[in-house]
Amino acid sequence: MNQQSVDAGWEVVIGLEIHAQLATRSKIFSSSPTAYGAAPNSQANLVDLGYPGVLPVLNREAVRMAVKFGLATGSTIARRSVFARKNYFYPDLPKGYQISQYELPIVAKGALDILLEDGSIKTIGITRAHLEEDAGKSTHEGLGAASGIDLNRAGTPLLEIVSEPDLRGAKEAVAYLKKIHTLVRYLEICDGNMQEGSFRCDANVSVRRFGAELGTRCEIKNVNSFRYVEKAINYEVVRQIDVLEGGGKIVQETRLYDSAKDETRPMRSKEEANDYRYFPDPDLLPVELAEDFIETVRATLPELPDEKADRFCSAYGLSRYDALVLTSGRDLADYYESVVRAAGGIPAAKLAANWVMGDFSGALNRDNLEVATARVSTDLLAGLLARIQDDTISGKIAKEVFESMWADGASADAVIEAKGLKQITDTGAIEAAIEAVMAANPGQLAEYRSGKDRLFGFFVGQTMKATAGKANPAQLNDLLKRMLAP
Amino acid sequence: MSLHTLSVAELSAGLARKDYSAVELTQHFLDRISLSNPVLNAYVTITAERALADARAADASRAAGTAGVLTGIPVAQKDIFCTDGIRTTCGSRMLDNFVAPYDSTVVERLSAAGTVLLGKTNMDEFAMGSSNETSWYGPVRNPWDHSKVPGGSSGGSAAVVAARLAPVATGTDTGGSIRQPAALVGISGIKPTYGRVSRYGMIAFASSLDQAGIMAPSAADCALFLQTIAGFDPRDSTSVERPVADYAAELTTPVKGLRIGIVKEFFERGLEGPTGALVNAVLEQYRALGAELVEVSCPSLPLSVPTYYVVAPAECSSNLSRFDGVRFGHRCENPRDLMDLYKRSRGEGFGAEVKRRIMTGTYVLSAGYYDAYYLKAQKVRSLITAEFKAAFTKVDLLIGPTSPTPAFDLGAKVDDPITMYLNDIYTIGANLAGLPAMSIPCGFDGHLPVGVQLIGPHFGESRLLSAAHAYQSVTDFHRRIPAAYV
């Protein structure tokens, strides 16, 4: 398995099918709740169970969310879309068919810009996005030879977002996936939780010689983390190239990614594939959307991630990278902006960006918390930044103060006061400390004065140590330079 | 007093005058049922206890002054309507053990109106058949001649009304399943406009064609019951949100000036015999009543049978997928694996006609055949609908025969499905176009009753009923009762 073969004239072609679970309270065709983690089959009513005689009734909220997505991606919103039945037998599919959209999806022909590693922007086409219901789950744990069926998830609304085969490698695929992930959370139409399966994706991967016709593709099913998507695609690309270079042919098939072994394996081949016998669902009327409904939805669109990032660059003078990181989640962006406002506006913007992206995000990750449950409020963080800006503490001491604030929710001032971390800005005190260090280290002093400049750092360190890190670093630097001079 | 010979309005008046109680009335019918059902095989389930409880509740309601027109009137439900706590078989071994945990809308509305549930009536399996011979519970006998079929699929409902084992019964009509049996047993039967009566809780055969209706001796009886079951139901997306006319009040609208269209295609072939003569006599009767008779043409109508036998099986092949032995219904003994469970449960649970239609439907929806069959059939369906629509710009109602022949011998057509399918030649058009239609008795061919069919424009139920009522005001065919059941 080598990277060289990827470079040796092969082009990778990827299209993604993303399933975003829509954040409706009830299911797409029934009144059952959609909450995750309930006892098996406790959230499945007669409609979800496919009982004889029951009928589906479309959840308007799911339609509204799909339209919201369509508008946010510049897609065409179908004024008339049609639900179709996809017929196949499986125990977790109670009716023997899945209600989906086939020929006439609600959203089509959109696009999304992604930022490539080289800093350029690439537009990825969105072929379509359609509404459908999720299936249930088969479970085998603790049931011996038997299988159990949990239909809580059956009927959960999904928006299947299908991209054009515009992605040219695992990194682009992940960038696109992350972009959609950010977008659906901005739009508040999906919680984006990949572990719980509310956001998952299938990748269609093929390779070809540059300029050649599209190669035969394989579909990698249900990969549930960004990292695995990248690894699965990379594995699959190398596998396909190896097959082709060995004179073999790619078989069109569905493959499953095994993260433990980091490999993809065939799930079912096209020969065994179902003929789904799609036809319009006679139990549901076509979805007809009026212009004013679409405009009502448009009015609810929030500032989109790209718009926000642009504004962060221009209004706060942030780099493109910082702006993208800070706008990767709506809650993080909102947090950042609150901090900036509380810390005195534009002059604090860059410092606030460093802190929100650095220590703050680090602490969230470490403690597995969300912005909403962060232990340091925007006002408290702004208070800390104020103390850095007015030279009460150094940036280094601030990190210590932040950890204390995070641990017990105290204000920066309280922590600084209690721990005596106030920065020493009294020139006399710093001079005294420097004199003591010089007196204690005559050898180093002599060497420095004879030209060994790199010992400067030694004196900085020793003086900082002597002041318990509280000396104002800039002042210390200036004083040291003057006093050490021969 | 022969309570079973009274109309619904007369029974209602008698109950109001306290000539008899609902319990007495109910007991009268239960006695007739226990005497005659063993021969007719028209009820699959007799709900005597429930009936008497309903009747007591009706009497209490009457005493409390809260009774409505239908309070205390007994009714038989076709065994396709789910009844909470009472077995609903749909005439199939598949559902021999099935007890629905809910009431269908039709059952719910009739219960709310204070009617008394006598039992569930026999029917062709999953409503697929025109002779009631495909029922797992055996054929129903025609009360006029026990060697003849009662028609189907609502053969049980037809027979219980004809033999006066119930004053009224519900039916469903997908291709003629109310009208053809009504004609073959000499009663009135109305299939309303598609969407007029909720399909919720009615086990689906072909969702885009299925419609519930009423079978009773007279149009006046039908009007009173249709009034109760008609109306919008948010649980059925295809039910129409539109006010229900006051059928009883409009029943006496005169026929004078009514333009009745004689559908040319209905009279072209195979109508030379007694049925043709009787239907022609009806035309004369209407002319005498002051109606204007106009010949109209629906040239695509002869294609309705092949069209129907593509669309209906296609939908049924999908609708019946839920019967898989997993959650309810018949399950085979000791399945070896999932596929064995599916194959044997369905193989054992479904009868030959149901299997034939599932196979046909699966075929016409298959990749490569969809366009040639399903799509083409939908186009013809649109054509037929348009032709009817055009006809209704010229006339108020259409008229034609209901069935090409009177009741035929039990067993005569069971081995010849095509001949059996041709029974529906006059009735299917109204289903394909979603039009309201009704059959009323118009005379006898020998000792067997013959029916005439009236077809109205969408939501023209009131006009249909008043036209039927006008005819019944000057004839007494609807009052005839087979000698053995007087």
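Residues numbered from 1 in each chain as written. Chains lettered and ligands numbered in written order. Predicted model: local features only at pLDDT ≥ 70, side-chain atom pairs only at ≥ 80, totals over all residues. Heavy atoms only, no water.

**Focus: the overall build of chain A**
For chain A, the count of helices and strands is 16 helices and 16 strands. Overall, the C-alpha framework of chain A stretches about 90 × 55 × 50 Å when taken along its three principal axes. In chain A, the proportion of contacts linking residues at least 24 apart, taken out of those at least 6 apart, comes to 69%. On chain A, roughly 22000 Å² of surface is accessible, and the fraction owed to carbon and sulfur atoms is 51%. Taking the average location of the 56 positive side-chain charges in chain A and that of its 67 negative ones, the two points are 1 Å from each other. (Helix = DSSP H or I, 4+ residues; strand = E, 2+ residues; numbered from the N terminus. Contact = heavy atoms within 4.5 Å. Areas by Shrake-Rupley, 256 points an atom, 1.4 Å probe, with all protein chains shown as cover. Lys, Arg positive; Asp, Glu negative; His and termini not counted. Charge placed at Lys NZ, Arg CZ, Asp CG, Glu CD.)

**What to know about the overall build of chain B**
Across its full length, chain B holds 17 helices and 11 strands. Whereas a compact globule of 486 residues would reach a radius of gyration of roughly 23 Å, chain B reaches 21 Å, a difference of no more than 12%. With the C-alpha coordinates aligned to their principal axes, the bounding extent of chain B is approximately 65 × 50 × 45 Å. For chain B, the residues scored as buried account for 64% of the 486 residues in total. Partitioning the contacts of chain B with sequence separation of at least 6, the portion at a separation of at least 24 is 76%. When the accessible surface of chain B is split by element, carbon and sulfur atoms take 56% of a total near 15900 Å². Across chain B, the 44 positively charged side chains and the 47 negatively charged ones have centroids separated by 2 Å. (Rg over C-alpha atoms; globule rule 2.2 N^0.38 Å. Buried < 20%, exposed > 50% of the residue type's maximum accessible area, 1.4 Å probe, protein only.)

**Digging into the pattern of salt bridges**
Taken as a whole and judged by the stated rule, the model has 57 salt bridges over all chains. Linking Glu337 of chain A and Arg311 of chain A is a salt bridge whose minimum nitrogen-to-oxygen distance equals 2.8 Å. In this pair, Glu337 of chain A sits in helix 8 (residues 330-342) while Arg311 of chain A sits in helix 6 (residues 305-316), placing the two residues 26 residues apart along the sequence. Between Arg344 of chain B and Asp340 of chain B there is a salt bridge, with the nearest N and O atoms lying 2.9 Å from each other. Of the two residues, Arg344 of chain B and Asp340 of chain B both sit in helix 12 (residues 338-349), four residues apart, roughly one turn of that helix. Several salt bridges share partner residues, and in doing so they unite Arg85, Asp281 and Asp283 of chain A together with Arg199 and Asp236 of chain B into one network. (Salt bridge = Lys/Arg side-chain N within 4 Å of Asp/Glu carboxyl O.)

**What about the sheet that holds strand 4 (residues 83-87) of chain A?**
As summarised here, the arrangement of the three strands in space is 5-4-15 (chain A), forming an open sheet in which the pairing is antiparallel. Looking at the sheet topology across the chains shown, the edges are occupied by strand 5 (97-101) and strand 15 (279-280) of chain A. For strand 4 of chain A and strand 5 of chain A, the ladder comprises five bridges, and the chain directions are antiparallel. Counted as the bridge partner of Lys86 of chain A is Gln98 of chain A from strand 5 of chain A. Each of strand 4, strand 5 and strand 15 of chain A is contacted by helix 11 (residues 304-319) of chain B, which is oriented at about 65 degrees to strand 4 of chain A, the strand it contacts most. (Pairing = 2+ DSSP bridges. Axes fitted to C-alpha atoms, helices over the stretch in contact; angles between N-to-C directions.)

**As for unusual backbone geometry**
Residues and elements named next belong to chain B. Of the consecutive residues Gly152 and Ser153, the connecting peptide bond is found in the cis state with omega at 5 degrees. With respect to the element layout, Ser153 can be found in the loop between strand 3 (116-121) and helix 5 (155-162). Positive phi outside glycine occurs at Lys18, with the angle close to 60 degrees. Of note, Lys18 is situated in the loop between helix 1 (8-16) and helix 2 (22-40). For Lys18, a relative accessible area of 58% translates into the label exposed.

**Re helix 10 (residues 274-288) of chain B**
All names here are of chain B. When the terminal C-alpha atoms of helix 10 are compared, their 21 Å separation across 15 residues agrees well with the 21 Å that a helix rising 1.5 Å per residue should span. Taken as a whole, helix 10 has its buried residues at Thr275, Gly276, Leu278, Val279, Val282, Leu283 and Tyr286. Taken end-on, helix 10 shows its buried residues confined to a sector of 165 degrees, consistent with a single buried face. Of the residues one or two after helix 10, Gly290 is the one with positive phi, at around 105 degrees. (Expected span 1.5 Å × (residues − 1). Arc of directions from axis to C-beta.)

**Overview of the packing of helix 13 (residues 427-440) of chain A against helix 14 (residues 442-449) of chain A**
All names here are of chain A. The geometry of helix 13 relative to helix 14 is characterised by a closest axis approach of 5 Å and an angle of 95 degrees between their N-to-C directions. As judged from the angle between their axes, helix 13 and helix 14 are roughly perpendicular. Contacts between helix 13 and helix 14 involve Met438, Ala439 and Ala440 from the first element and Pro442, Leu445 and Arg449 from the second. Among the residues forming the contact of helix 13 with helix 14, the class breakdown is five nonpolar, no polar and one charged. (Parallel < 35°, antiparallel > 145°, perpendicular 65-115°, else oblique. Nonpolar A, V, L, I, M, F, W, Y, C, P; charged D, E, K, R; others polar.)

**Here's the deal with the interface of chain B and chain A**
In this complex, chain B contributes 37 residues to the contact, which on the side of chain A involves 29 residues. Surface buried jointly by chain B and chain A totals about 2800 Å² across both partners, of which 59% is contributed by carbon and sulfur atoms. Across the pair Asp283 of chain A and Arg199 of chain B runs a salt bridge whose closest N-O atoms are separated by 3.1 Å. Summed over the shared surface of chain B and chain A, the number is 17 residue pairs in polar contact (both at pLDDT 80 or more). (Buried area = accessible area lost by both parts, 1.4 Å probe. Polar contact = N/O pair within 3.5 Å; in protein donor to acceptor, adjacent residues only side chain to side chain.)

**Considering the side chain of Ser131 of chain B**
Residue and element names in this part refer to chain B. Its place among the elements puts Ser131 in the loop between strand 3 and helix 5. Only 2.6 Å separates the side chain of Ser131 from the side chain of Glu133, close enough to count as a polar contact. Among residues more than four places away in sequence, those in contact with Ser131 are Asp124, Val149, Pro150, Gly151, Gly152, Phe408 and Met420.

**Considerations on the nonpolar core**
By size, the foremost hydrophobic cluster in this structure holds 159 residues, and its most contacted members are Phe126, Tyr286, Phe388 and Leu465 of chain B. No other element matches the eight residues that helix 11 of chain B contributes to this core. Ignoring any residue separated from it by four or fewer positions in sequence, one finds Tyr286 of chain B in contact with Val255, Ile260, Ala291, Ile399, Ile440, Leu454, Ala467, Ala468 and Tyr471 of chain B. Trp10, Leu112, Ile126 and Val184 of chain A belong to the second-largest nonpolar core, a separate cluster that totals 66 residues. (Core = buried A, V, L, I, M, F, W, Y, C linked by side-chain atoms within 4.5 Å.)

**A few points about the pairing of strand 6 (residues 107-115) of chain A**
Here is the key point about a regular strand: its side chains alternate between the two faces of the sheet. Residue and element names in this part refer to chain A. Pairing analysis gives two bridges linking strand 2 (residues 76-77) to strand 6, with the strands arranged antiparallel. Directly across from Ile77, in strand 6, lies its bridge partner Val107. When strand 6 meets strand 7 (residues 121-133), the two strands line up antiparallel, connected through eight bridges. When the bridges of strand 7 are listed, Gly110 appears paired with Ile126. Counted between consecutive antiparallel strands, the loop separating strand 6 from strand 7 contains five residues, among which Gly119 sits at a positive phi close to 90 degrees.

**With respect to the state of the cysteines**
Residues and elements named next belong to chain B. Enumeration according to the criterion identifies zero disulfides over all chains in this entry. Here Cys82 is not cross-linked by a disulfide; its sulfur's nearest cysteine counterpart is in Cys90, at 8.1 Å. Take Cys82: its relative accessible area is 0%, and that puts it in the buried class. (Disulfide = S-S within 2.5 Å.)

**Here we look at the packing of helix 10 of chain B against helix 17 (residues 461-473) of chain B**
Residues and elements named next belong to chain B. Interhelical geometry of helix 10 versus helix 17 gives an angle of 95 degrees and a closest axis separation of 10 Å. It follows from the interaxial angle that helix 10 and helix 17 lie roughly perpendicular. In this structure, helix 10 uses Val282, Gln285 and Tyr286 to contact helix 17, whose residues at the interface are Ala467, Ala468 and Tyr471. The class makeup of the residues in the contact of helix 10 with helix 17 is five nonpolar, one polar and no charged.

**Description of helix 8 of chain A**
Residue and element names in this part refer to chain A. The end-to-end C-alpha distance of helix 8 is 18 Å, a good match for the 18 Å that 13 residues give at a rise of 1.5 Å each. Inspection of helix 8 places Leu332, Ala333, Tyr335, Tyr336, Glu337, Val339 and Val340 among the buried residues, and these make up the whole buried set. Lining the buried residues of helix 8 we find helix 3 (170-186), helix 6, helix 7 (320-326), helix 9 (349-367) and helix 10 (378-389). Just beyond helix 8, the residue with positive phi is Gly344, at close to 105 degrees.

**What about the side chain of Ser157 of chain B?**
Residue and element names in this part refer to chain B. Inspection of the secondary structure puts Ser157 in helix 5. Owing to a relative accessible area of 0%, Ser157 belongs among the buried residues under this scheme. Contacts of Ser157, omitting those with residues within four sequence positions, involve Lys78, Thr121, Asn122, Ala169, Thr170 and Met215.

**Things to note about the packing of aromatic side chains**
Per the counting criterion, the structure on display carries 35 aromatic pairs over all chains. Centre to centre, the rings of Tyr309 of chain B and Tyr421 of chain B are 3.8 Å apart; their planes meet at 10 degrees, and the pair counts as stacked. Residue Tyr309 of chain B is located in helix 11, and its partner Tyr421 of chain B is located in helix 15 (residues 417-421); the two are separated by 112 residues in the primary sequence. In this structure Tyr309 of chain B comes out as buried when scored by relative accessible area, which is 10%. On the numbers, 6.5 Å between centres and 35 degrees between planes, the contact of Tyr369 of chain B with Tyr373 of chain B is tilted. Looking at Tyr369 of chain B, the relative accessible area reads 35%, which means it is partly exposed. Stacked on the ring of Phe293 of chain A, the Lys or Arg Arg60 of chain A has its end atom at 5.9 Å from the ring centre. In this structure, Lys413 of chain B is placed above the aromatic ring of Phe408 of chain B, and the distance from its NZ or CZ to the ring centre is 4.1 Å. (Phe/Tyr/Trp six-rings, centres within 6.5 Å; stacked < 30°, edge-to-face > 60°. Lys NZ or Arg CZ within 6 Å of the ring centre and 35° of its normal.)

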